[in-house]
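Coordinate analysis (summary)
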Amino acid sequence: GRRSESTLPDVAERTLVAVKPDGVQRRLVGQIIQRFEQRGFKLVGMKMLQASEDLLSQHYSELRTKAFYPSLLQYMTSGPVVVMVWEGHNVVQTSRTMVGPTNPVEARAGTVRGDFSTHVSRNVVHASDSPEGARREIQLWFQGQELVQWDCCDQHCLRGA
Ligand code: GDP
Ligand code: MG
């Protein structure tokens, strides 16, 4: 019933978003964070790091047979990345919509890729493509204690009962 729905805790969905090396170099980190904050998602983990080839080969394991894979690893190790975990209602799918299609030529203005990129090999940002993928990627990039559970004071305003 309606009452139990509104009193049950939200089953928190999480996704991994990363600002790729070109996004960090171009000082887009703040603008990208701002988009997720203003949409109403909750930041529960964030760090900057120089990703290793080993980590990236696990992250992109599905793509290892692609012709662009070596250049993808080169791109992703070319400088630091900022990785984040965002939480909220339908955050995985909504983040993909906010980020836009893989190839910026298809990305509409208003999406991160549609506003900040022109080429698929420099597409500024990563977002997990499914809840299962998100769980796998979050475990890969973060230790459990690096994720922070906290109450957002406006969380009851961000969804219906
Ligand atoms: P995403 O989930 O939208 O990031 O796309 P994919 O998981 O299919 O690919 C991962 C990343 O590989 C993309 O974001 C691009 O950075 C890169 N990539 C995908 N397709 C191509 C391509 O055809 N050429 C190049 N150079 N890079 C690509
Ligand atoms: Mg992907």
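Residues numbered from 1 in each chain as written. Chains lettered and ligands numbered in written order. Predicted model: local features only at pLDDT ≥ 70, side-chain atom pairs only at ≥ 80, totals over all residues.

**Looking at the sheet that holds strand S3 (residues 81–87)**
Across a sheet, paired strands are connected by hydrogen bonds in the backbone, their directions being either parallel or antiparallel. Spatially, S2-S3-S1-S4 is the arrangement adopted by the four strands of the open sheet, whose pairing is antiparallel. Both edges of this open sheet fall to strand S2 (42–49) and strand S4 (125–127), since each of them pairs with a single strand only. On average, each strand axis in the sheet is inclined to that of its neighbour by 15 degrees, with strand direction left out of account. Bridging between strand S1 (residues 14–19) and S4 involves three bridges; their strand directions are antiparallel. Directly across from Val17, in S4, lies its bridge partner Ala127. Most of the contacts of helix H3 (residues 29–39) go to S1, to which it runs at about 160 degrees, and overall it touches S1, S3 and S4. (Pairing = 2+ DSSP bridges. Helix = DSSP H or I, 4+ residues; strand = E, 2+ residues; numbered from the N terminus. Axes fitted to C-alpha atoms, helices over the stretch in contact; angles between N-to-C directions. Contact = placed C-beta atoms within 7 Å.)

**Regarding the UniProt feature "active site" (unreviewed entry) in the protein**
In this structure's numbering, the residues bearing the UniProt feature "active site" (unreviewed entry) are His126. Its location among the elements puts His126 in strand S4. You can call His126 buried: it has 20 C-beta atoms within 10 Å. In this view, His126 contacts Val17, Ala18 and Lys20; residues no more than four positions away in its chain are not counted. (UniProt positions renumbered as here; feature names shortened; annotations may be inferred. Buried ≥ 20, exposed ≤ 12 C-beta atoms within 10 Å, placed from the backbone.)

**Some remarks on the pairing of S1**
For S1, a buried count of six out of six residues is recorded, marking the element as mostly surrounded by other parts of the structure. Every second residue of S1 is oriented toward a common face, with Arg14, Leu16 and Ala18 on one face and Thr15, Val17 and Val19 on the other, all of them buried. The pairing of S1 with S3 spans six bridges and is classified as antiparallel. Within S3, the residue paired with Ala18 across the bridge is Val83.

**Section: the site of ligand 1**
The local shell around ligand 1 consists of Leu63, Phe68, Ser71, Leu72, Thr102, Val120, Ser121, Asn123, His126 and Asp129. Classifying every residue of the shell around ligand 1 by side-chain character gives four nonpolar, five polar and one charged. (Near = placed C-beta within 6 Å. Nonpolar A, V, L, I, M, F, W, Y, C, P; charged D, E, K, R; others polar.)

**Let's talk about the UniProt feature "binding site: ATP" (unreviewed entry) in the protein**
The UniProt record marks Lys20, Phe68, Arg96, Thr102, Arg113 and Asn123 with the feature "binding site: ATP" (unreviewed entry), using the residue numbering of this structure. By secondary structure assignment, the location of Arg113 is in helix H7 (residues 112–116). Using a count of 23 C-beta atoms within 10 Å as the deciding quantity, one classes Arg113 as buried. Not counting chain neighbours up to four residues away, the residues in contact with Arg113 comprise Val99, Gly100, Pro101, Pro104, Ala107, Asn123, Val124 and Val125. For Asn123, the location among the structural elements is in the loop between H7 and S4. Since 23 C-beta atoms lie within 10 Å of it, Asn123 is described here as buried. Asn123 has contacts with Thr102, Pro104, Arg113 and Ser117, leaving out every residue within four places of it along the chain.

**A word on the environment of Leu43**
Examined against the element boundaries, Leu43 turns out to sit in strand S2. Each C-alpha atom, one on Leu43 and one on Val85, is 6.1 Å from the other, the two residues being 42 residues apart in sequence. Leaving out residues up to four positions away in the same chain, Leu43 has contacts with Met84 and Trp86.

**A word on the pairing of S3**
Looking along a regular strand, one sees side chains alternate from face to face of the sheet. Of all seven residues making up S3, seven are buried, and the element is well covered by its neighbours. The alternating pattern of S3 places Val81, Val83, Val85 and Glu87 on one face and Val82, Met84 and Trp86 on the opposite face, and all of these are buried. Judged from the seven bridges that link them, S2 and S3 form a sheet pairing that is antiparallel. Paired with Lys47 across the bridge in S3 is Val83.

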